[in-house]
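Analysis of the macromolecular model
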Amino acid sequence: MNKIAVFASGGGSNAQKIIEYFNNSQLASIALIVSNKPEAGVVTIAEKNTIPTLIIEKEKFLKGSGYTDDLKKEGIDLIVLAGFLWKIPALLIKTFPGKIINIHPALLPKYGGKGMYGFHVHQAVIDNKEKESGITIHYVDEQYDHGQPIFQATCPVFENDTAFSLAKRVQQLEHEHYPKVIEEILFNNSK
Ligand code: GAR
């Protein structure tokens, strides 16, 4: 059984979908929710689903051991970022090579990078009059929203869209695809 750690800083709707998807799975379970915000919605979701939570501190995460010992002790096989807003430190990437993935609510390489999250992304897409947006799931490297792409899905951007209406459309894509892509990665890793 593969053990997944979900890292999230916000409401945790993706974390919720991933937990639901793997609820009765033979392939993987959500072993740990990691968050930098004790008051985040995702922490409540973890509690409701009786999943252990690790609340992390910036100094230790970015400059110390990066909590690698805690993650190794839990036997984590895959780290899934779902709205986690801190950069992943080099030591963590080195400890889990090819085992950290992220989802971004736009078609990278466009509209990624520091400060590009949530409504900032969707507003920039609308301001640039893009006809299309979507999601990108990618491996994580030392730059924000940068590593090797794994999967993209697209949706239209309509002329009367607001950041809010576009966010909803993109979020539907995230919920539909992220759990399945995670499953596929784990399945391929186990071959
Ligand atoms: C998601 O839309 C995810 O793509 C985004 O944060 C949101 C988290 O929502 N991540 C980024 O922007 C990373 N640069 P959630 O808390 O409802 O799952």
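My aim in this report is to walk through the structure given alongside it, one point at a time. (Residues numbered from 1 in each chain as written. Predicted model: local features only at pLDDT ≥ 70, side-chain atom pairs only at ≥ 80, totals over all residues. Heavy atoms only, no water.)

**Examining the packing of aromatic side chains**
Evaluation of the coordinates by the stated rule reveals seven aromatic pairs. Taking the centre distance of 5.8 Å and the plane angle of 40° together, the rings of F61 and W86 count as tilted. Linking F61 in helix 3 (residues 58-63) with W86 in the loop between strand 4 (78-81) and helix 5 (90-95), this pair joins segments that are 25 residues apart in sequence. In terms of burial, F61 and W86 fall into one category: buried. Aromatic side chains F119 and F164 sit 6.3 Å apart centroid to centroid with 0° between the ring planes, which places their arrangement in the stacked category. Of this pair, F119 sits in helix 6 (residues 118-127) while F164 sits in helix 7 (residues 163-189); the two residues are 45 residues apart in sequence, bridging distant segments of the chain. Accessibility expressed as a relative area gives 44% for F119, which makes it partly exposed. Within the aromatic cluster, the residues linked to one another by ring pairs are F7, F61, F84 and W86. (Phe/Tyr/Trp six-rings, centres within 6.5 Å; stacked < 30°, edge-to-face > 60°. Helix = DSSP H or I, 4+ residues; strand = E, 2+ residues; numbered from the N terminus. Buried < 20%, exposed > 50% of the residue type's maximum accessible area, 1.4 Å probe, protein only.)

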